[in-house]
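# Topology and contacts: notes
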Amino acid sequence: AKTHLHDFVIQATPVKRLCKTHNIITVNGQYPGPTLEVNNGDTLIVKVTNKARYNATIHWHGIRQMRTGWADGPEFVTQCPIRPGGSYTYRFTIQGQEGTLWWHAHSSWLRATVYGALIIRPKEGDSYPFTKPKRETPLLLGEWWNAKPMDVVREATRTGASPNVSDAYTINGQPGDLYNCSSKDTVIVPIDSGDTNLLRVINAALNQELFFTVANHKLTVVGADASYTKPFTTTVIMLGPGQTTDVLISGDQPPARYYAAARAYASAPGAPFDNTTTTAILEYKSAPCAAKNCASSKPVMPSLPAFNDTPTVTAFSKSFRSPRKVEVPTVIDENLFFTVGLGLNKCPKHFRARRCQGPNGTRFTASMNNESFVLPSNISILQAYEQGIPGVFTTDFPANPPRKFDYTGNVSRSLWQPVPGTKGYKLKYGSRVQVVLQGTNIFTPENHPIHLHGYDFYIIAEGFGNFNPKTDTPKFNLVDPPLRNTAAVPVNGWAVIRFVADNPGAWLMHCHLDVHIGWGLAMVFLVDNGVGELQSIEPPPVDLPLC
Ligand code: C2O
């Protein structure tokens, strides 16, 4: 196994998109940031220096961080932010994961422009469980605003309203052919007749679930969230923010140019969204194409599902299987039921009207089990937990909603008042955990991509309406469910996940739509140190940023 050293400098960089130049925050002046390529078993040492004027941290999305929780990165959860002028070195080892992950800033909305791919190839000497592709291309889907993203979020926080939607989607930082001023920089994905290209598709968008497709070509899904899947073929994939999907594409069409395209899956009825389409170009590199001069031909446009095509999302999501029988915990020690959804809070009288511009003079909020998560501000939760410092968080996060109601029906207004707090839920080391993630219809239903730090989990079932233990438990897949780190909980529906709490630390679980994190759709699991040296978390690094 190798050790890879990298230097990340977070800095303001002028970047021109949609005809205008903005000073955006980047890593090393690159947008998207550097692609990290490693093998399973390797160690990464990344020194991050913050030369921007915002606080920053970097999160290695999906990396298990076994015993190395100090390197996970969410600000005020596992570390205090790296202040402007400061630095911190993240050290961790890839243990058992293979496929595509990514890294991103985990501080306010900084990740809008601070993100990159993290590619994990098989252990040295091992090969892919599918035919080795001739080429591999990471495709990071993102969002672009004609404003500083940090200003967009600041304005929303000030008013309590929903933030402005983005002005473009991007593929590898480029809006592509269908927007103004970006045609000549459109990303080209090369392919040869008869060869395959492994597309590593990553949804790095801040607030939007996205459909992705390639004109005239079939996509064979072989992995997701750095776990292999039983291969299946589809024409379109959907990714929630945070999710990755590896697809094989064969050069089996007449040599020409074809668009790869992404646009919104917008599941919340009536909510505004960016209704534009980003494109890259799949271009045949072979001689016949050159002869036909196809590099200057107009690419073929694919058809994408309608923005609200939930049946396509459901069919896609239900196609995922692990490649073989897996060890899903069958006996459960912790049976948890968490609602995930939005809410509206009354504005305290002393708030000026300017700060209450949500529906009917309210402020938007979001919660799990009616708890609206608030980050601490003067110490990280992990530090307080490991060092026994009181007063930072409480451990009374409820295992069940405070009261039962018809989650997906007409929810009573009295339940639209999530309570702010910093609450965690304790898990005993080694305990076998099931969480029912129940979407709600409070304010509006929406598909929520729920991400758990420090773990992969099996998604053993999903469905619409209210989860019913009697009729839904018999449908659990305990044989070959997919292993993921982010579960797209169906709109007005539910998903059930299982994992074993074998990684001590403080682990955030949250909706990966960043607007929802700010509103409180998050909680923290606190996993104890177990018994013995090899279970407990390593001591904090000496350069861990303090508050
Ligand atoms: Cu990809 Cu908490 O994040």
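What counts and what doesn't
- Residues numbered from 1 in each chain as written.
- Predicted model: local features only at pLDDT ≥ 70, side-chain atom pairs only at ≥ 80, totals over all residues.
- Heavy atoms only, no water.
- Pairing = 2+ DSSP bridges.
- Helix = DSSP H or I, 4+ residues; strand = E, 2+ residues; numbered from the N terminus.
- Axes fitted to C-alpha atoms, helices over the stretch in contact; angles between N-to-C directions.
- Disulfide = S-S within 2.5 Å.
- 1 Å grid on protein atoms, 1.4 Å probe; cavity = no way out; pocket = protein on both sides within 12 Å on 5 of 7 lines; lining within 4 Å.
- Points joined across faces, edges and corners; volume = space filled by probe spheres on them.
- Nonpolar A, V, L, I, M, F, W, Y, C, P; charged D, E, K, R; others polar.
- Domains from an automatic or database assignment.
- Phe/Tyr/Trp six-rings, centres within 6.5 Å; stacked < 30°, edge-to-face > 60°.
- Buried < 20%, exposed > 50% of the residue type's maximum accessible area, 1.4 Å probe, protein only.
- Lys NZ or Arg CZ within 6 Å of the ring centre and 35° of its normal.
- Contact = heavy atoms within 4.5 Å.
- Buried area = accessible area lost by both parts, 1.4 Å probe.
- Core = buried A, V, L, I, M, F, W, Y, C linked by side-chain atoms within 4.5 Å.
- Salt bridge = Lys/Arg side-chain N within 4 Å of Asp/Glu carboxyl O.
- Arc of directions from axis to C-beta.

A few words on the sheet that holds strand 2 (residues 20–27). Spatial strand order, 2-1-4-6: four strands in an open sheet with mixed pairing. Edge positions in the sheet fall to strand 2 and strand 6 (87–93), since each of these pairs with one other strand and no more. If you compare each strand with its neighbour and ignore which way they point, the axes differ by 25° on average. With eight bridges joining them, strand 1 (residues 3–17) and strand 2 adopt antiparallel strand pairing. Directly across from R17, in strand 2, lies its bridge partner K20.

Tallying each qualifying case throughout the model produces three disulfides. Here C347 engages in a disulfide with C356; their sulfurs sit 2.0 Å apart. When the S-S torsion is -120°, as for the bridge of C347 with C356, the disulfide is left-handed.

In this section: empty space enclosed by the protein. Overall, the coordinates contain two cavities of 30 Å³ or more when judged by the stated rule. Within this model, the largest cavity holds a volume of roughly 90 Å³. Considering each element in turn, the lining of the largest cavity owes the most residues, three residues, to strand 2. A class-by-class count of the residues in the lining of the largest cavity yields eight nonpolar, two polar and one charged. Mapped onto the domain boundaries, the lining of the largest cavity takes at least three residues apiece from domain 1 (1–128) and domain 2 (130–321).

Let's shift gears to the packing of aromatic side chains. In total, this model carries 30 aromatic pairs according to the counting rule given. Between Y128 and F130 the ring centres are 4.9 Å apart and the planes differ by 10°, which places this aromatic pair in the stacked class. For the pair Y128 and F130, a shared accessibility class is recorded, and that class is buried. With 6.0 Å between their ring centres and 70° between their planes, F499 and F525 make a pair best called edge-to-face. Of this pair, F499 sits in strand 30 (residues 493–500) while F525 sits in strand 32 (residues 522–527), placing them 26 residues apart in sequence. Taking the relative accessible area as the measure of exposure, F499 reaches 3% and is therefore buried. Given the relative accessible area of 1%, F525 is considered buried. Among the aromatic residues, those joined into a cluster by ring pairs are F338, F397, Y425, Y455, F499, W507 and F525. Here R484 stacks its cationic end above the ring of F320, 5.0 Å away from the centre of that ring.

Domain boundaries assigned for the protein chain yield domain 1 (1–128), domain 2 (130–321) and domain 3 (334–527). Relative placement of domain 2 and domain 3: their C-alpha centres are 28 Å apart. The interface of domain 2 with domain 3 comprises 33 residues on the first partner and 31 residues on the second. Both faces combined, the contact of domain 2 with domain 3 buries some 2,500 Å², and carbon together with sulfur accounts for 49% of it.

The next subject is the nonpolar core. Of all hydrophobic cores here, the largest spans 92 residues; its most connected members are W60, V435, M509 and F525. In terms of residues, this core owes the most to one element, strand 32, which gives six residues. Apart from residues lying up to four places away in sequence, W60 is in contact with F8, L36, V46, Q65, A71, D72, Y90, F92, W102, W103 and L118. By size, the runner-up hydrophobic cluster in this structure holds 58 residues, among which are L210, M238, A280 and V313.

Another aspect to go through is the pattern of salt bridges. Evaluated as defined, the whole model comprises 23 salt bridges. In this structure, K134 engages D195 in a salt bridge whose closest nitrogen and oxygen atoms are separated by 3.3 Å. On the criterion of sequence distance, the pair formed by K134 in the loop between strand 8 (115–121) and strand 9 (135–144) and D195 in the loop between strand 11 (188–191) and strand 12 (196–203) is long-range, its members being 61 residues apart. Classification of D195 by relative accessible area gives partly exposed; the value is 23%. A salt bridge links K230 to D480, with the nearest nitrogen and oxygen atoms 3.7 Å apart. Taken as a pair, K230 in strand 15 (residues 227–234) and D480 in the loop between helix 5 (469–472) and strand 28 (483–484) lie far apart in primary sequence, 250 residues in all. Among the residues examined, K230 registers a relative accessible area of 36% and is labelled partly exposed. One connected set of salt bridges, linked through shared partners, spans E37, R121, E136, R200 and D246.

Time to look at the sheet that holds strand 15. The strand order 10-9-12-17-14-15 describes an open sheet built from six strands, whose pairing is mixed. Each end of this open sheet is capped by a strand with a single partner; those strands are strand 10 (168–171) and strand 15. Looking at each pair of strands side by side, their axes are set apart by 25° on average, direction ignored. Pairing of strand 12 with strand 17 (residues 244–250), which is carried by seven bridges, proceeds in the antiparallel orientation.

Quick look at helix 3 (residues 310–317) now. If you check which residues of helix 3 are buried, you get T310, V313, T314 and F316. Down the axis of helix 3, the buried side of the element spans an arc of 165°, and every buried residue falls inside it. Its buried side turned inward, helix 3 meets strand 13 (209–214), strand 14 (219–224), strand 15, strand 16 (236–239), strand 18 (257–265) and strand 27 (457–464).

Here the focus is the pairing of strand 27. Within strand 27, seven of the eight residues are buried, which leaves the element mostly enclosed by the surrounding structure. Relative to strand 28, strand 27 runs antiparallel, the two being bridged by two bridges. The residue of strand 28 that forms the bridge with F457 is R484. Two elements, strand 27 and strand 30, share six bridges in a ladder whose sense is antiparallel. The partner of G463 across the bridge, within strand 30, is W494.

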